[in-house]
Amino acid sequence: MDGLCYGGDYNPEQWPEEVWHEDVALMREAGVTLVTVGVFSWASLEPSPGHFAFDRLDHVLDLLDAGGIKVNLATPTASPPPWFGLAHPDALPVTADGTRLAHGSRDTYCVCAPAYQEASVRVARALAERYRDHPALAMWHVHNEYGTWCHCDHVAAAFRDWLRARHGSLDALNDAWTTAFWSQAYADWDEIAPPRATQYLPNPSQALDFRRFLSDAMLGHYRAQRAVLRGLTPDVPVTTNFVFGSWVPVNNWEWAGEVDLVAIDHYPGDRERAAEQTAFAADLARAWAGGRPWLLMEQAAGIVYTGTRMLAKRPGQIALHSLQHIARGSRGAMFFQWRASRGGSELWHGGMVPHAGPDSRIFREIRDLGRLLPRLADVSGDVLADAAILWDPESWWAVEAPGLPSPEARYLDALHQAHRVLWRSGVTTDFAHPSGELSAYPVVLVPSLYLVSDATARNLARYVEGGGTLVVSFFSGVADEHARVRLGGHPGALRDLLGIRVDEFLPLDEPVPIRLHDDGGGGPRTVNGSIWSERVETRGATAQAWYRGGDLDGLPAITRHRHGAGQAFYVSTRLDDDAYAAVLACAGVPAAPVPVGVELVRRSGGRLFALNHTATEHEIAVTGTDLVTGAEAGGVLRLAPGGFAVVSTL
Amino acid sequence: MDGLCYGGDYNPEQWPEEVWHEDVALMREAGVTLVTVGVFSWASLEPSPGHFAFDRLDHVLDLLDAGGIKVNLATPTASPPPWFGLAHPDALPVTADGTRLAHGSRDTYCVCAPAYQEASVRVARALAERYRDHPALAMWHVHNEYGTWCHCDHVAAAFRDWLRARHGSLDALNDAWTTAFWSQAYADWDEIAPPRATQYLPNPSQALDFRRFLSDAMLGHYRAQRAVLRGLTPDVPVTTNFVFGSWVPVNNWEWAGEVDLVAIDHYPGDRERAAEQTAFAADLARAWAGGRPWLLMEQAAGIVYTGTRMLAKRPGQIALHSLQHIARGSRGAMFFQWRASRGGSELWHGGMVPHAGPDSRIFREIRDLGRLLPRLADVSGDVLADAAILWDPESWWAVEAPGLPSPEARYLDALHQAHRVLWRSGVTTDFAHPSGELSAYPVVLVPSLYLVSDATARNLARYVEGGGTLVVSFFSGVADEHARVRLGGHPGALRDLLGIRVDEFLPLDEPVPIRLHDDGGGGPRTVNGSIWSERVETRGATAQAWYRGGDLDGLPAITRHRHGAGQAFYVSTRLDDDAYAAVLACAGVPAAPVPVGVELVRRSGGRLFALNHTATEHEIAVTGTDLVTGAEAGGVLRLAPGGFAVVSTL
Amino acid sequence: MDGLCYGGDYNPEQWPEEVWHEDVALMREAGVTLVTVGVFSWASLEPSPGHFAFDRLDHVLDLLDAGGIKVNLATPTASPPPWFGLAHPDALPVTADGTRLAHGSRDTYCVCAPAYQEASVRVARALAERYRDHPALAMWHVHNEYGTWCHCDHVAAAFRDWLRARHGSLDALNDAWTTAFWSQAYADWDEIAPPRATQYLPNPSQALDFRRFLSDAMLGHYRAQRAVLRGLTPDVPVTTNFVFGSWVPVNNWEWAGEVDLVAIDHYPGDRERAAEQTAFAADLARAWAGGRPWLLMEQAAGIVYTGTRMLAKRPGQIALHSLQHIARGSRGAMFFQWRASRGGSELWHGGMVPHAGPDSRIFREIRDLGRLLPRLADVSGDVLADAAILWDPESWWAVEAPGLPSPEARYLDALHQAHRVLWRSGVTTDFAHPSGELSAYPVVLVPSLYLVSDATARNLARYVEGGGTLVVSFFSGVADEHARVRLGGHPGALRDLLGIRVDEFLPLDEPVPIRLHDDGGGGPRTVNGSIWSERVETRGATAQAWYRGGDLDGLPAITRHRHGAGQAFYVSTRLDDDAYAAVLACAGVPAAPVPVGVELVRRSGGRLFALNHTATEHEIAVTGTDLVTGAEAGGVLRLAPGGFAVVSTL
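Summarised in this report is the structure supplied together with it. In this convention, every chain numbers its residues from 1, walking through the sequence in written order. A letter from A marks each chain and a number from 1 marks each ligand, given out in the order of writing. The predicted origin of the model limits local features to residues at a pLDDT of at least 70 and limits the giving and counting of side-chain atom pairs to 80 or more, whereas totals for whole chains, interfaces and linings rest on all residues. Heavy atoms throughout the structure, all of them, feed into the side-chain values; hydrogens and water do not.

With respect to the interface of chain A and chain B
By the convention used here, residues are in contact when the closest approach between their heavy atoms is within 4.5 Å. Counting residues at the interface gives 51 residues for chain A, matched by 52 residues for chain B. Within this document, salt bridges are pairs made up of a side-chain nitrogen of Lys or Arg and a carboxyl oxygen of Asp or Glu, the two lying within 4 Å of each other. Viewed at the interface, chain B and chain A are joined by eight salt bridges. Taking the shortest distance from any N to any O, the salt bridge between D359(A) and R501(B) comes out at 3.8 Å. To qualify as a helix, a DSSP run of H or I must reach at least 4 residues; to qualify as a strand, a run of E must reach at least 2; elements of each kind are numbered from the N terminus. Going through the elements one at a time, α2 (42-45), α4 (82-87), β10 (310-312) and α12 (361-372) of chain A are the ones with two or more residues in the side of chain A that touches chain B. Polar here means any residue outside two lists: the nonpolar Ala, Val, Leu, Ile, Met, Phe, Trp, Tyr, Cys and Pro, and the charged Asp, Glu, Lys and Arg; Gly therefore counts as polar. Of the residues contributing to the side of chain A that touches chain B, the split by class is 22 nonpolar, 18 polar and eleven charged.

Observations concerning the packing of aromatic side chains
Note on aromatic pairs: each is described by the distance of the centres and the angle between the planes. Aromatic pairing here means that ring centres of Phe, Tyr or Trp (its six-membered ring) are within 6.5 Å. Orientation follows from the plane angle: under 30 degrees is stacked, over 60 is edge-to-face, and everything else is tilted. Taken as a whole, this structure holds 115 aromatic pairs over all chains when the rule is applied. Taking 6.3 Å as the distance between ring centres and 80° as the angle between the ring planes, the aromatic pair formed by F242(B) and W255(B) counts as edge-to-face. Here the residue F242(B) occupies a position in strand β6 (residues 241-242), and W255(B) occupies one in helix α9 (residues 252-256), the gap between them amounting to 13 residues. We note that F242(B), like W255(B), is buried. Arranged with centres 5.6 Å apart and planes meeting at 55°, the rings of W288(C) and W391(C) form a pair that is tilted. Here the residue W288(C) occupies a position in helix α10 (residues 274-288), and W391(C) occupies one in the loop between β12 (387-390) and α13 (393-400), the gap between them amounting to 103 residues. The same class applies to W288(C) and to W391(C), which are both buried. Directly above the ring of W15(A) sits R339(A), whose terminal nitrogen or CZ lies 5.7 Å from the centroid. Think of it in three bands: with a 1.4 Å probe and only protein chains considered, a residue is buried below 20% of the maximum accessible area for its type, exposed above 50%, and partly exposed in between. Counted as over-ring charges are cases with an Arg CZ or a Lys NZ within 6 Å of the ring centre that also lie within 35 degrees of the ring normal.

What about the sheet that holds strand β2 (residues 34-37) of chain A?
One requirement defines pairing of two strands: DSSP has to find at least two bridges between them. Sheet architecture is open: nine strands sit in the order β5-β4-β3-β2-β1-β11-β8-β7-β6 (chain A), paired in parallel fashion. Edge positions in the open sheet fall to β5 (238-239) and β6 (241-242) of chain A, since each of these has one partner strand only.

Describing the interface of chain C and chain A
On the chain A side, the residues contacting the 50 residues of chain C number 52 residues. Defined in terms of a 1.4 Å probe, buried area is the accessible area two parts forfeit on being brought together, summed over both. Contact between chain C and chain A buries roughly 4400 Å² in total, counting both sides, with carbon and sulfur atoms accounting for 54%. Scanning the region where chain C abuts chain A turns up seven salt bridges. A salt bridge links D480(A) to R342(C); the shortest N-O distance between them is 3.9 Å. Contacts described as polar in this section are N or O atom pairs within 3.5 Å, which, within protein, must combine one atom able to donate a hydrogen with one able to accept it, while residues neighboring in sequence count only if both atoms come from side chains. Where chain C meets chain A, there are 24 residue pairs in polar contact (both at pLDDT 80 or more).

Quick notes on the relation of the copies chain A and chain B
In this comparison the copies share one frame, found by least squares on the C-alpha atoms of residues holding pLDDT of at least 70 in both. Taken as rigid bodies, chain A and chain B are interconverted by a rotation of 120° and an axial shift of 0.0 Å, the fit giving an RMSD of 0.1 Å. Put plainly, the chains are arranged around a three-fold axis. Among all residues of chain A, the one whose C-alpha sits closest to the rotation axis is T99(A), at a distance of 5.0 Å.

Focus: the side chain of Q337(C)
Its place among the elements puts Q337(C) in the loop between β11 (330-335) and α12 (361-372). The class of Q337(C) is buried, set by a relative accessible area of 2%. Among the polar contacts made by the side chain of Q337(C), one reaches the side chain of N11(C) at a distance of 2.6 Å. Residue contacts for Q337(C): discarding those within four places in its chain leaves F181(A), D9(C), N11(C), Q14(C), G350(C), G351(C) and M352(C).

Notes on the environment of A281(C)
Residue and element names in this part refer to chain C. Tracing the backbone shows A281 in helix α10. By relative accessible area, A281 is classed as buried at 10%. Leave out the neighbours within four places in its chain, and A281 touches I264 and H266.

A few points about the state of the cysteines
Counting rule for disulfides: a pair of cysteine sulfur atoms within 2.5 Å. The full count for this structure, using the stated rule, is zero disulfides over all chains. In this structure C110(A) is not part of a disulfide, and its nearest cysteine sulfur, from C150(A), lies 3.7 Å away. Just so you know, C150(B) is unpaired, no disulfide at all, and the nearest cysteine sulfur is the one on C152(B), 3.6 Å from it.

Here's the deal with the sheet that holds strand β24 (residues 598-603) of chain A
All names here are of chain A. Pairing is antiparallel in the open sheet, where five strands are placed in the order β24-β25-β28-β26-β27. One side of each edge strand has no neighbouring strand; the edge strands of this open sheet are β24 and β27 (632-639). Adjacent strand axes in the sheet meet at a mean angle of 30°, parallel and antiparallel pairs treated alike. Pairing geometry for strand β26 (residues 618-626) and strand β28 (residues 644-648), over two bridges, is antiparallel. Pairing of T625 across the sheet is with S648, part of β28. A fitted line through C-alpha atoms represents every axis, and for helices the fit uses only the stretch in contact; the resulting angles, taken between N-to-C directions, go from 0 to 180 degrees.

Here it is, written out as structure tokens:
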């Protein structure tokens with residue numbers, strides 16, 4: 001599609017036909033260009049097994065087409081109808097403790113159940129055969145937010161097949177999982193099961209492989225539908241919408257190569273941190289897309305429903321957050337859903353047309369944004385990032401396992417802090433794969449990268465040797481790709497690169513003071529380390545900060561190692577944001593000259609997004625034309641509280 | 001029975017026969033007139049299926065009769081014996097996640113299981129046949145505290161029958177439940193099940209209908225026993241004891257018409273608020289009884305056992321709380337249980353005769369109360385209430401569903417606050433049904449009435465048009481009787497009556513200031529709103545208070561709409577108690593001239609109950625005879641700390 | 001074995017053969033004398049049912065023997081291999097709600113399942129037949145940390161048999177369990193089941209008997225293996241390792257007589273209280289051993305893994321805590337495990353050789369301790385205790401049941417406080433059985449002894465009559481051995497002995513002041529009572545302290561009763577540690593003249609252990625030779641911070 005996509009999930013099956021006409025009229029008023037249709041339509045499209053009813057959908061697509069609105073057509077497989085579970089109880093998902101979940105919500109299926117696999121392909125095929133030539137069809141949206149776990153016997157069988165392919169032999173698997181511990185050695189493939197409810201601590205390597213397997217099992221389900229769709233409509237792009245959360249066993253690095261356009265859903269769950277959470281999500285999406293354009297497929301209009309409560313977006317945030325995504329590479333801004341449902345499980349989830357109808361603050365903001373977006377249609381070019389953060393879902397999963405040293409040492413906390421500190425410093429950030437090419441970045445942050453393969457270790461060493469600056473945080477490099485601890489001293493795979501050796505991890509009950517020698521010219525000062533500490537011995541590195549008091553009194557807390565043409569820092573504790581920023585300053589990360597909460601994103605080709613998340617007016621130094629207002633900025637641009645501009649600096 | 005009932009649950013099966021004689025002697029000493037026998041006697045009455053053993057009960061009833069003590073004879077169906085579950089495992093209850101509960105406590109049955117239904121009627125019939133002519137028999141007490149959930153297949157089948165009767169067609173059900181959301185449309189009745197454990201958020205309309213169904217299913221179980229009892233003893237009143245709690249799916253409005261005497265159990269769970277909780281419970285009971293006499297069937301003697309801990313009643317509270325109930329229409333004061341059990345699940349639940357025996361503070365207070373009550377035997381006449389509060393269990397249930405806007409916006413909190421503020425102001429309050437006749441009340445409070453049918457909306461409008469004052473709190477009028485949101489702006493069904501329109505609910509993370517223009521003459525002042533706010537637009541109403549700061553700065557927080565001969569207030573946030581009282585004062589609710597904690601309840605026929613819940617002495621202005629002491633009050637009555645009087649003012 | 005045992009669990013199956021040689025060399029360097037082999041080796045020893053593979057273990061034992069290291073050979077039954085659960089799903093454990101747990105951790109078995117019983121004996125026999133004559137074999141270690149619950153049908157059948165033996169008749173059982181409450185009377189043995197998930201509160205007497213049964217069922221499993229081992233190796237001592245926790249249904253008083261050497265595992269879970277927790281555990285172990293030597297079989301080296309987090313031992317604590325155990329009678333100091341595992345469920349549990357390898361603080365401390373211990377080889381003689389505390393696991397279990405008066409009135413809290421206050425006063429303490437001989441102790445503390453049989457009551461009376469001083473804390477003497485409350489006033493069985501009668505328990509929401517008349521000469525002062533209070537009436541006793549304010553104003557809080565030649569105190573509330581110490585001073589417990597945190601333990605035969613747990617240097621008055629350093633102490637011994645000495649005072 002040309003221009004930016006604007007619209008949302010459209011579920012006409014929730015409304016009588018007379019509303020459809022009003023819908024199209026309101027969509028046109030709001031500048032909607034694309035709607036996602038059919039995500040939860042299975043029961044209406046296939047009311048009984050194998051009997052399809054397309055009349056109403058025909059009518060809807062024709063109406064949309066007549067209104068000039070394109071369709072992102074979804075396969076409805078995320079929400080099997082009631083008849084499905086009744087006919088195939090073995091295809092309902094089973095929890096770790098053996099409870100077979102019932103129909104009554106959404107996502108009640110097992111991706112490994114043959115009946116579900118067959119039904120999924122059947123409905124996808126019927127849909128594609130029906131609409132392959134419809135003029136409104138612009139994109140395929142397979143399924144919805146993959147992430148449903150199952151522990152049933154279908155899953156067990158598939159898991160065994162997957163393990164056989166991954167490990168090759170039982171000996172290799174036993175070695176990788178360290179099954180010699182607690183007498184878990186497998187003598188036959190049939191002895192292996194998913195990690196189900198058991199007496200005490202489970203095996204962390206098994207848990208990690210099970211997440212990897214689930215990612216692949218879901219990917220198999222996606223690919224089966226994609227094959228059908230590509231066969232019938234080779235020119236229509238196919239995607240699915242990624243959701244991000246600790247319960248989602250999807251490796252987005254691997255999935256991103258399987259979609260024609262990376263698409264994400266994003267619902268910031270903390271009102272005070274919504275702006276930084278939005279930047280975080282958008283930067284991740286761009287990383288998955290390999291820097292190419294991607295699409296914000298769902299966000300909330302007005303109300304973010306968190307599962308337990310409604311968070312209302314503040315006035316202006318619908319546009320401001322949408323612009324954050326577009327600044328970071330999204331080819332538009334889409335919402336769930338067009339009209340708030342009057343009933344059902346998510347009746348308090350917002351809509352572009354809320355319960356109150358179009359005469360509402362929400363719809364007026366939606367309409368205003370829709371009128372603005374065409375002015376930004378030609379924004380393109382790469383996002384210009386100043387730093388990178390390594391992101392590794394497998395390290396995340398491994399650190400989520402029970403039995404780890406400290407429940408406070410969470411991967412996501414470390415990842416969020418790294419991104420947040422850069423964001424608040426005005427630094428635009430990429431996320432990068434640990435084994436990816438890093439040489440373009442002056443500095444790379446490595447928050448709690450628990451799993452480091454030999455190949456990753458080599459990649460990081462190469463990067464530093466070539467002149468890069470690496471800032472590694474505590475609890476990195478500890479284990480290999482099977483979640484086995486590397487012996488001989490931490491941080492295992494990164495010891496030589498960092499020029500240190502750690503013989504003990506010492507999680508902290510309470511903060512300890514650290515004397516920080518601030519290279520940035522600030523002189524020595526005392527900061528706090530919390531939740532974690534380590535007994536660090538320098539072996540080539542020089543100490544930059546020291547523990548004060550406690551069992552580590554006088555020992556190094558932060559080190560720096562010159563290696564090849566570059567340098568590698570190690571931070572052995574959790575710093576607060578300011579101290580972490582000071583360390584990054586030492587490492588050469590330049591803070592942008594803007595106040596915290598004013599966000600600048602530059603695109604190659606001379607586009608600057610300037611977004612003011614604060615409650616006060618700010619000025620920024622820039623020359624060019626504001627595409628939003630058409631005004632010329634001659635050196636200084638004023639940003640109202642909550643205001644934004646997109647400046648063409650050419 | 002004449003006079004006031006005084007006594008409690010008597011479980012002679014817990015004690016050897018020699019204790020029975022002491023029991024009757026102590027009962028006589030304590031003035032006991034009525035005991036509830038047999039609630040948990042099934043195993044002793046029917047030790048094996050179909051074989052009854054009545055000898056011991058014969059003896060007990062004869063002893064009681066000889067002592068002049070009447071019997072409230074219970075069918076024992078709330079506690080099936082061990083043999084029942086062993087013989088009929090399909091009649092044991094099943095949780096939402098499919099766990100079939102085992103015998104080992106009480107209430108291990110499913111009211112929809114045929115085997116349980118048959119066994120219940122059989123034991124009720126045997127009991128009635130045995131004791132139909134016993135002179136001690138004064139009342140039938142069916143079952144105990146109905147409230148046990150089940151999700152088994154018997155329940156599923158019965159639920160489907162109930163739904164068919166309620167909705168008529170699958171189309172109507174699909175529409176009522178908004179099953180178009182998330183592909184839940186049912187194409188066959190057999191696809192419908194109770195809300196069992198599922199993958200994510202359940203359907204709130206299904207959950208609401210399931211509670212309604214459970215209420216009716218239990219009522220069916222009650223009616224089956226009642227039919228047997230009425231057939232054999234047409235002149236003996238039949239009742240059951242209502243318990244109140246969020247886990248109890250009983251619609252007391254509907255059940256009250258099925259009992260010959262409304263009876264409640266009440267165990268205040270908060271020592272500091274026991275007095276207001278007691279008034280609340282008693283006012284509800286009177287409402288269910290339609291203003292007629294009712295009976296406090298169970299309260300705690302000495303110890304309230306909350307399920308996790310013992311709360312001891314303070315000295316004097318046994319009488320004081322009993323008097324609260326009697327003041328509000330109870331025809332007596334009954335306890336669970338006569339003797340504290342020395343073992344079993346509730347061994348730390350109190351007794352009128354505690355573990356320590358009759359030489360105890362508890363028994364002495366029990367005895368003193370028993371000696372007092374005959375002096376109040378002729379208290380009758382209606383409770384004279386100054387205000388009403390609407391109570392609607394279905395709104396409560398609907399707001400308990402997952403997926404609602406705010407976990408803080410709880411129905412019971414709103415209901416309790418309304419009652420508490422009136423109670424602390426010295427106002428005696430009725431609870432009223434939303435569609436009931438309201439014209440007798442100068443003011444009616446409507447706390448968070450989420451579900452409002454068209455008929456209820458018309459009833460409320462009629463009330464205001466006729467001159468009434470309505471005070472509606474936030475989150476009212478939102479949905480129809482199927483829990484579907486009313487579109488076009490909140491508070492849906494009450495927009496015109498209130499003269500406002502709300503296009504957004506904005507739950508609050510922290511309190512916001514509100515400028516309140518106090519019509520009561522107090523001048524403007526600032527109070528706080530918490531947990532909830534709304535974007536209110538006046539459409540005929542006038543603002544009485546305004547939000548300050550935040551996203552709603554300057555918009556109305558409280559409004560007043562003159563409508564017909566009356567007026568309707570809307571309060572769009574949660575006020576603290578004092579601010580709420582100020583709004584009620586504006587609405588014309590007169591505060592009584594008594595300190596907080598001194599409670600006055602007037603009965604028609606010239607009886608005034610005066611109860612001092614405070615720790616200091618108070619005087620009240622009254623002339624008449626104190627029935628408690630026989631003393632004459634000539635204009636002023638002194639109430640000692642914790643003291644009380646019942647004044648005949650004729 | 002001669003000398004002190006030093007070593008730990010050795011799991012060579014976790015490592016390749018080349019590491020074994022390094023292991024033996026490092027063990028020799030560290031002075032290791034004994035290793036526990038095979039605890040989790042079932043899968044490697046019996047890789048498929050009935051097929052044994054001993055080659056690698058042969059090699060390991062030979063290597064150890066060649067290195068002069070003895071072996072504590074374990075039967076591996078605590079961790080059945082994967083094939084076991086696959087072949088015998090009925091032998092996997094079942095939770096109270098019916099979930100059958102899967103293989104995937106350890107301890108996935110049911111001790112009542114015939115298949116498990118057979119497989120356990122088979123593997124034990126094969127092991128004993130193989131190694132009966134191996135020169136390294138020094139001890140048998142059956143199973144590991146017995147404590148796995150199961151609620152399956154095998155358990156139900158065994159429970160019924162056990163109940164039949166214990167109670168003799170259904171009438172007796174119904175009486176003991178008070179099944180008359182809630183209609184639970186059993187008419188047939190087959191109606192009885194374990195306490196499974198049920199509708200509401202379970203029967204506490206059933207729950208107590210189930211714990212007793214589980215203890216005996218596990219003991220049966222132990223005895224079956226012991227019979228095989230004793231048959232084949234009559235001269236090799238047999239033991240198992242006790243673990244202590246509320247989830248462990250093992251009555252150590254009864255088990256201790258079944259092992260040839262009491263052995264315990266101890267992992268202090270609170271860094272700040274590790275020293276007092278260690279003393280507590282060691283004193284318990286000595287009590288179980290009847291004062292004879294026992295063995296610390298497992299402690300953590302460096303890292304205590306609590307199940308959710310790592311706690312690192314502070315520098316010096318490996319030795320300091322080991323010395324605490326040895327001071328209290330342990331014949332050595334053993335660890336879990338020799339080498340930290342690089343993977344598996346407990347990869348973050350510490351090891352004597354940590355992940356970092358021998359070049360580490362941990363291993364250096366291990367080596368230093370190993371070099372020290374031979375100097376203490378001849379320490380023997382009885383621990384000289386000044387006081388005793390009654391310990392009763394059945395009271396503990398009974399108080400853990402749901403339905404008790406206060407969740408704060410926990411048995412372990414009371415027990416820990418009694419021990420802690422003595423420990424901080426420098427008093428060495430024994431634990432004693434309630435029916436054991438107490439006359440040797442000047443004072444005996446009785447914390448919350450809920451269950452008191454008639455025999456125990458007589459024993460305590462005899463002790464006081466003979467001149468002893470008893471200090472009984474609240475919530476004691478309440479129930480009989482079936483957990484039935486004793487009627488007529490608390491503390492039931494101890495009323496006469498204490499000269500008091502209590503008619504009410506009044507758990508406290510917040511502390512109440514108590515005026516304490518300090519016999520120790522300190523004059524009256526005010527302290528606080530918390531969580532609990534009682535309405536105490538003296539009947540022979542004299543009050544020592546009185547409640548102030550509240551409902552008990554002016555009534556006795558602490559009493560003293562002269563009885564026979566002795567005296568009995570009663571403390572009706574929880575005091576803080578200082579006030580409790582003051583009461584103990586009144587009772588004649590002499591505080592030792594050492595600062596808090598300096599621990600002295602005297603052994604008969606002239607050995608004094610002096611351990612400084614503080615961060616400052618202290619001096620103690622002693623004359624003799626320090627066996628640790630060889631230095632002579634001429635009247636004064638200096639203890640460095642964290643330092644210790646073992647002085648021969650002969």
